[in-house]
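Residue-level structural notes
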Amino acid sequence: MRRRSLFLAALPAGLVTLAGCGDSGSGKSKTGTSPSPSASAPSAAPPPKIVEAPLPAITAGTKLGEKPTVAKGTGAPSKDLAVKTVIAGSGPIVAENDYIQANYLGQIWDTAKVFDNSYDRKTPLVIQLAQGGIIDGWRYALQGKKVGSRVLMAVPPTWGYGSQGNPQAGIKGSDTLVFVVDIQNSFNAKSSAKGKAVAQSDANAPKVGTNTDGNAPSIDIPKVKPPTGLVSKYVIEGAGDQVAADSTVLVQYKGVLWDTGKEFDSTYGRGQLTSFSLQQVVKGWAEGLTGKKVGSRVLIVIPPKLGYGDNPPQGSGIKKDSTLVFSVDILAKM
């Protein structure tokens, strides 16, 4: 499975987690062998000086999306953050706090030893460029770059793992790290599903808006009794990979109560995307999203037995035995 030894774990927010009271996550890597480097990935202030110091050459795999081969660094690396756009993309500009989807390779400056790469795993990384969410070298180097770009960078310890290094990845506290990053996509608080709208012909099911402008969709509840079983339907069907029962997903969502139509939770209202493992959420979410495609908007109607039952989150505005209605945009698998 995809290793995340280089990055801090992103955590979900909102009411859909099993605890029902905020973020939930282990902070461990996907393999269980590489812990989060939070203790060795300091957040620095002021921001680093970004320079165009000499960087090792990419000697093979020079096209976007190809696994690169990078030469060993020569001479002493810069003490500043050295960044070069090798291939300039034409997509949206990446900003701080955006999530990016990217393939990458990382190696050590003076040995060219590759300590991690996503190309071999055939699974790009999805990570937030935020303080505490990723090493600062990435956080600062990738801001302002466009989707579709290949970025080469040399990250000194100050902007990587500090004097402690990352022993589990074979990184010493004195190592400058070289990364090649292919930015495939980016997501922010205005991101929406991308796909084909599906007819909503069931008169007994809520109708969900199909706008894709980044604003919260409408959810209209029919004046009938709520269903006793789970309802999970495409509103917009995307063309991405299917979500598995153990997937971690990046989403936009809005939740309302069947009885009143009142909104009780929304990423749109917070202005912040959220991510979570389907193994960490209420059963209605896990079952409702499993098998659905990335890029989709999904209507989920969750009966009490698959939601919070008689123990709703305190202060949530959800009463006991409430039927919950969600619109969920599946933006990416992480």
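Scroll up a little and you will see the structure.
Given the structure is predicted, the values throughout are model-derived calculations rather than measurements.

Moving on to the overall build of the protein chain. Check the secondary structure of the protein chain and you find three helices and 18 strands. For the protein chain, buried positions account for 52% of its 334 residues. Across the protein chain, every contact between residues at least 6 apart in sequence was considered, and the portion connecting residues at least 24 apart equals 76%. Here the protein chain has roughly 14700 Å² of accessible surface; of this, 49% comes from carbon and sulfur atoms.

Right, let's talk about the environment of Lys-293 for a bit. With respect to the helices and strands, the residue Lys-293 is situated in the loop between α3 (283-289) and β17 (297-302). The partly exposed category is assigned to Lys-293, whose relative accessible area is 26%. Residues Lys-293 and Gln-242 lie 51 residues apart in sequence; the distance between their C-alpha atoms is 4.3 Å. In this structure the side chain of Lys-293 is engaged in a polar contact, spanning 3.0 Å, whose partner is the side chain of Glu-237.

What follows covers the layout of surface pockets. Taken as a whole, the largest pocket holds about 690 Å³ of empty space. Considering the residues around the largest pocket, the lining is formed by 31 residues, among which Gln-101, Val-294, Leu-331, Ala-332 and Lys-333 are closest to the centre. Looking at the lining of the largest pocket, the elements with two or more residues in it are β9 (177-187) and β18 (324-333). Of the residues forming the lining of the largest pocket, the biggest block, four residues, is contributed by β18. Tallied by class, residues from the lining of the largest pocket come to 12 nonpolar, 11 polar and eight charged.

We now examine the side chain of Lys-292. One can find Lys-292 in the loop between α3 and β17. There is no salt bridge for the buried Lys-292, and the closest opposite charge comes from Glu-237, which lies 9.1 Å off by N-O distance. Separated by 3.1 Å, the side chains of Lys-292 and Ser-232 make a polar contact. Sequence-distant contacts of Lys-292, defined by excluding residues within four places in its chain, comprise Ser-232, Tyr-234, Asp-241, Gln-242, Val-243, Val-298 and Ile-330.

Considering all chains together, one arrives at 10 salt bridges under this definition. Across the pair Arg-150 and Asp-182 runs a salt bridge whose closest N-O atoms are separated by 2.6 Å. On the criterion of sequence distance, the pair formed by Arg-150 in strand β8 (residues 150-155) and Asp-182 in strand β9 is long-range, its members being 32 residues apart. Each member of the pair, Arg-150 as well as Asp-182, carries the same accessibility label: buried. One salt bridge in this structure joins Asp-175 and Lys-172, with 3.4 Å as the shortest N-O distance. On the basis of relative accessible area, Asp-175 is assigned to the buried category, the value being 5%. A relative accessible area of 52% places Lys-172 in the exposed class. Residues participating in the shared-partner salt-bridge network are Glu-96, Asp-136 and Arg-139.

Another point: the pairing of β9. For β9, the buried fraction is high: nine of the 11 residues fall into the buried class. In the sheet, strand β5 (residues 99-108) pairs with β9 via 10 bridges, with the strands oriented antiparallel. If you follow Ala-102 over to β9, its bridge partner there is Ile-183. Pairing of β8 with β9 involves six bridges; the strand directions are antiparallel. Paired with Leu-152 across the two strands is Val-180, which belongs to β9.

Turning to the environment of Lys-333, a few remarks are in order. You can see Lys-333 is positioned in strand β18. According to the relative accessible area criterion, Lys-333 is partly exposed, its value standing at 28%. C-alpha separation for the pair Lys-333 and Ala-244, spaced 89 residues apart in sequence, amounts to 9.4 Å. From its side chain, Lys-333 meets the backbone oxygen of Gln-242 in a polar contact 3.1 Å long.

On inspection of all chains with the given rule, the structure shows nine aromatic pairs. The interplanar angle of 85° and the centroid separation of 5.5 Å between the aromatic rings of Tyr-104 and Trp-138 together place this pair among those described as edge-to-face. On the criterion of sequence distance, the pair formed by Tyr-104 in strand β5 and Trp-138 in helix α1 (residues 136-141) is long-range, its members being 34 residues apart. Note on Tyr-104: relative accessible area 0%, which makes it buried. A ring pair is formed by Tyr-140 and Trp-159, whose centres lie 6.3 Å apart and whose planes are at 80°; its orientation type is edge-to-face. Pair noted here: Tyr-140 is in helix α1 and Trp-159 is in the loop between β8 and β9, with a separation of 19 residues, a long-range link. A residue is classified by how much of its surface remains accessible, and Tyr-140, at 13% relative accessible area, is buried.

Rules and cut-offs
Positions within a chain are numbered from 1, following the residues in the order the chain's sequence is written. Since the coordinates come from a predicted model, pLDDT governs what is reported: local features require at least 70, and pairs of side-chain atoms require 80 or more to be given and counted, while whole-chain, interface and lining totals use all residues. Note that water and hydrogens are dropped before the side-chain values are worked out from all heavy atoms of the structure. The numbering of helices and of strands both runs from the N terminus, where a helix is a DSSP run of H or I of at least 4 residues and a strand a run of E of at least 2. Relative accessibility thresholds used throughout: buried, under 20% of the residue-type maximum; exposed, over 50%; partly exposed, between the two (1.4 Å probe, protein chains only). Any two residues whose heavy atoms approach within 4.5 Å are treated as being in contact. Accessible surface area values rest on a Shrake-Rupley calculation with a 1.4 Å probe, where residue burial reflects the displayed protein chains alone. The definition of a polar contact used here is a pair of N or O atoms within 3.5 Å, where within protein one atom must be able to donate a hydrogen and the other to accept one, and adjacent residues in sequence count solely through side-chain atom pairs. With a 1 Å grid spanning the protein atoms alone, the term cavity applies to any set of points in which a 1.4 Å probe fits but cannot get out, the term pocket to an open set with protein on both sides within 12 Å along at least five of seven lines, and the term lining residue to any residue with an atom within 4 Å of a point. Grid points are joined across faces, edges and corners, and a volume is the space filled by probe spheres set on the points. Classes in brief: Ala, Val, Leu, Ile, Met, Phe, Trp, Tyr, Cys and Pro nonpolar; Asp, Glu, Lys and Arg charged; the others, Gly included, polar. Working convention for charge: Lys and Arg count positive, Asp and Glu count negative, and His plus the chain ends are omitted. Only one rule defines a salt bridge in this text: a Lys or Arg side-chain nitrogen within 4 Å of an Asp or Glu carboxyl oxygen. In short, DSSP must find at least two bridges between two strands for them to pair. Working definition: a ring pair exists when centres of Phe, Tyr or Trp rings (six-membered ring for Trp) sit within 6.5 Å. Plane angles under 30 degrees give stacked, over 60 give edge-to-face, the rest tilted.

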